[in-house]
Amino acid sequence: MRVLLVGAGGVGGAITRIATRRPFFEAMVVADYDPARAEAAVAALGGDARFTAEQVDAGDEAAVTRLLAWHRCDVLLNATDPRFVMPLFRAARTAGAAYVDMAMSLSRPHAERPYEECGVKLGDEQFAQAADWEKEGLLALVGMGVEPGLSDVFARYAADELFDAIEEIGIRDGANLTVDGYDFAPSFSIWTTIEECLNPPVVYERGKGWFTTEPFSEPEVFDFPEGIGPVECVNVEHEEVLLVPRWVDARRVTFKYGLGREFVETLRTLHLLGLDRTDPVTVPGPDGPVAVSPRDVVAACLPDPATLGERMHGKTCAGTWVRGVKDGEPREVYLYHVVDNQWSMTEYGSQAVVWQTAINPVVALELLATGAWSGAGVLGPEAFPARPFLDLLTDYGSPWGMREQ
């Protein structure tokens, strides 16, 4: 397997540090808009000759296609933010390569009823091309990070091995992470966090389909395992709600994020001030007016999440809560994956949130390389058997857990 990894930021850098310990691939080309960042990611691996650095603009579809061909890559792994999903997705297909991402094509709210009806849903642009990918015998594995990704694998595992019928699947994400020296320092891309938290959350119900609610709706306190404890979680927009019902039969599917009240209020303030907008505004500059995106300004004013590991303390938990029936009796479980920041920093030099995201696409690539997973079309993690993934995740030294509720 020859892989083109586009994006050498926090998650991309963690992907290389995980992948260098595995023998399943022949080459991995690490490409980034900033060549210094790609070169630094490769240099950190201690001379592993399978890795090379390249410069590429993820928004330049033709350039990415040429890079895939030049290095004879058969897989494109997208580690950029969701703005670049579609050009990378199209470039992979043009080059005849498989495609893997960790976040799907962006949504657009319903013009008249944004908090009741879906407009363009997450992944709609990709699924619109599913027949073409299938016809060409190519695979696009979408949403293969931790959430979405591992959380979807948990949903498939629950359906296959733990339940006869499922009433509800709820992804629940929480942490007790703190960052020394900062009152507000998101542990993941603020661009992506704003996108998923301020867009109308999507809920799925059998018979009704997908519909939306107000941001931060339906607050609940969820007790997270391994010492994290109770965290207030709220509805946010996330890919699992759009993916799980396509392959897993459940009456209801939700995603709730443990943001904390201070974080929610900060996001609400950004929205109130228009600082969550992506369309440019004109501001004075030393050489005349300059067009800038308010959201990009917010991101530039905050610390890079990838650099916070030494200041960060605590654990992060991603998991899937499932309620249903087994052997005629009600059952409720929480399938989860916890990463301690001290461990991930000591073992890999990557902070917990980006490392937890990064390990899952590497596991998926290995399953594709060995043939344990295979397929054609635009497929989510739920379309594949869960047990090989969970077994390999444990083999990577990162076991998962299950708690009977």
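For the structure itself, consult the block above.
Residues numbered from 1 in each chain as written. Predicted model: local features only at pLDDT ≥ 70, side-chain atom pairs only at ≥ 80, totals over all residues. Heavy atoms only, no water.

**Thoughts on the nonpolar core**
Logical step 1: One finds Ile15, Met28, Val30, Ile169, Leu259, Trp373 and Phe389 to be the most contacted residues of the largest nonpolar core, which totals 90 residues.
Logical step 2: When residues of this core are assigned to their parent elements, the largest contribution, 11 residues, is made by helix α13 (residues 352-370).
Logical step 3: The residues touching Ile15, leaving out its near neighbours within four places in the chain, are Leu5, Met28, Leu77, Ala79, Met102, Ala358, Pro361 and Val362.
Logical step 4: Counting 29 residues, the second-largest nonpolar core is a separate cluster that includes Leu67, Leu76, Ala92 and Leu138. (Core = buried A, V, L, I, M, F, W, Y, C linked by side-chain atoms within 4.5 Å. Buried < 20%, exposed > 50% of the residue type's maximum accessible area, 1.4 Å probe, protein only. Helix = DSSP H or I, 4+ residues; strand = E, 2+ residues; numbered from the N terminus. Contact = heavy atoms within 4.5 Å.)

**A look at helix α14 (residues 386-395)**
Logical step 1: Those residues of α14 that sit buried are Ala386, Phe389, Leu390, Leu392 and Leu393. The buried side chains of α14 occupy one side of the element, clustering within an arc of 165° when seen end-on.
Logical step 2: Buried residues along α14 sit against α7 (150-162), β18 (329-340) and α13.
Logical step 3: Immediately beyond the C-terminal end of α14, within one or two residues, lies Gly397, with a positive phi of roughly 90°. (Arc of directions from axis to C-beta.)

**A few points about empty space enclosed by the protein**
Logical step 1: Evaluated as defined, the whole model comprises 1 cavity of 30 Å³ or more.
Logical step 2: Contributing to the lining of the largest cavity are 16 residues, with Ser107, Gly119, Val120, Thr212 and Glu237 lying nearest its centre.
Logical step 3: Looking at side-chain class alone, the lining of the largest cavity contains 7 nonpolar, 5 polar and 4 charged residues. (1 Å grid on protein atoms, 1.4 Å probe; cavity = no way out; pocket = protein on both sides within 12 Å on 5 of 7 lines; lining within 4 Å. Points joined across faces, edges and corners; volume = space filled by probe spheres on them. Nonpolar A, V, L, I, M, F, W, Y, C, P; charged D, E, K, R; others polar.)

**Quick notes on the packing of aromatic side chains**
Logical step 1: For the coordinates displayed, the defined rule picks out 19 aromatic pairs.
Logical step 2: Both rings, one in Phe184 and one in Phe263, keep their centres 5.1 Å apart while their planes meet at 45°; by these two values the pair is tilted. Taken together, the residues span a long stretch of sequence, with Phe184 in the loop between β8 (178-179) and α8 (190-198) and Phe263 in helix α10 (residues 261-272) at a distance of 79 residues.
Logical step 3: Connected via pairs of aromatic rings, a cluster forms that spans Phe222, Phe224, Tyr334 and Tyr336.
Logical step 4: The ring of Tyr348 is capped by Arg21, whose NZ or CZ atom sits 3.8 Å from the centre of that ring. (Phe/Tyr/Trp six-rings, centres within 6.5 Å; stacked < 30°, edge-to-face > 60°. Lys NZ or Arg CZ within 6 Å of the ring centre and 35° of its normal.)

**A few points about the side chain of Glu240**
Logical step 1: Inspection of the secondary structure assignment puts Glu240 in helix α9 (residues 239-247).
Logical step 2: No salt bridge forms around the buried Glu240; measuring N to O, its nearest opposite-charge neighbour Arg172 is 9.5 Å away.
Logical step 3: Within the local environment of Glu240, its side chain forms a polar contact with the side chain of Ser151, the two groups lying 2.7 Å apart.
Logical step 4: Apart from the residues lying within four places of it in its own chain, the contact partners of Glu240 are Glu147, Pro148, Ser151, Asp152, Ile171, Pro245, Val253 and Phe255. (Lys, Arg positive; Asp, Glu negative; His and termini not counted. Salt bridge = Lys/Arg side-chain N within 4 Å of Asp/Glu carboxyl O. Polar contact = N/O pair within 3.5 Å; in protein donor to acceptor, adjacent residues only side chain to side chain.)

**So, unusual backbone geometry**
Logical step 1: Of note, the amide linkage connecting Glu147 to Pro148 takes the cis form, showing an omega dihedral of 0°.
Logical step 2: Relative to the helices and strands, Pro148 is located in the loop between β6 (139-141) and α7.
Logical step 3: Positioned with a positive phi, Phe216 is a non-glycine residue whose angle comes to about 65°.
Logical step 4: Of note, Phe216 is situated in the loop between β10 (209-212) and β11 (220-224).

**Side note on the packing of α13 against α14**
Logical step 1: Running from N to C, α13 and α14 point in directions that differ by 120°, and their axes come no closer than 10 Å. Here α14 runs oblique to α13, going by the angle between their axes. In this structure, α13 crosses over α14, and the sense of that crossing is right-handed. Contacts between α13 and α14 involve Ile359, Asn360, Val363, Ala364, Glu366 and Leu367 on the former and, on the latter, Pro388, Phe389, Leu392 and Leu393.
Logical step 2: Counted by class, the contact of α13 with α14 contains 8 nonpolar, 1 polar and 1 charged residues. (Axes fitted to C-alpha atoms, helices over the stretch in contact; angles between N-to-C directions. Parallel < 35°, antiparallel > 145°, perpendicular 65-115°, else oblique. Left-handed = near helix turned anticlockwise from the far one by under 90°.)

**What to know about the environment of Met144**
Logical step 1: The residue Met144 is located in the loop between β6 and α7 in this model.
Logical step 2: When its relative accessible area of 0% is taken as the criterion, Met144 is described as buried.
Logical step 3: The contacts of Met144, once residues within four sequence positions are left out, are Val100, Asp101, Met102, Gly149, Leu150, Val153, Asn360, Pro361, Ala364, Trp373, Pro381 and Phe389.

**Topic: the pairing of strand β3 (residues 51-55)**
Logical step 1: Bridge analysis of strand β2 (residues 27-32) against β3 gives 5 bridges, and the strand direction is parallel. Its bridge partner being in β3, Met28 is matched across the sheet by Phe51.
Logical step 2: One crossover worth recording links β2 to the parallel β3 by way of helix α2 (residues 35-43), and it is right-handed. (Pairing = 2+ DSSP bridges. Right-handed = clockwise from strand over helix to strand, strands pointing away.)

**Considering the pattern of salt bridges**
Logical step 1: Going through the model one piece at a time under the given rule, you end up with 32 salt bridges.
Logical step 2: Asp249 serves as the salt-bridge partner of Arg206, at 3.0 Å between the closest nitrogen and oxygen. Residue Arg206 is located in the loop between β9 (202-205) and β10, and its partner Asp249 is located in the loop between α9 and β13 (252-257); the two are separated by 43 residues in the primary sequence.
Logical step 3: A relative accessible area of 44% means that Arg206 is categorised as partly exposed.
Logical step 4: You can call Asp249 exposed: its relative accessible area is 57%.
Logical step 5: Note that Glu218 and Lys256 form a salt bridge whose closest N and O atoms lie 3.7 Å from each other. In this pair, Glu218 sits in the loop between β10 and β11 while Lys256 sits in strand β13, placing the two residues 38 residues apart along the sequence.
Logical step 6: The class of Glu218 is partly exposed, set by a relative accessible area of 34%.

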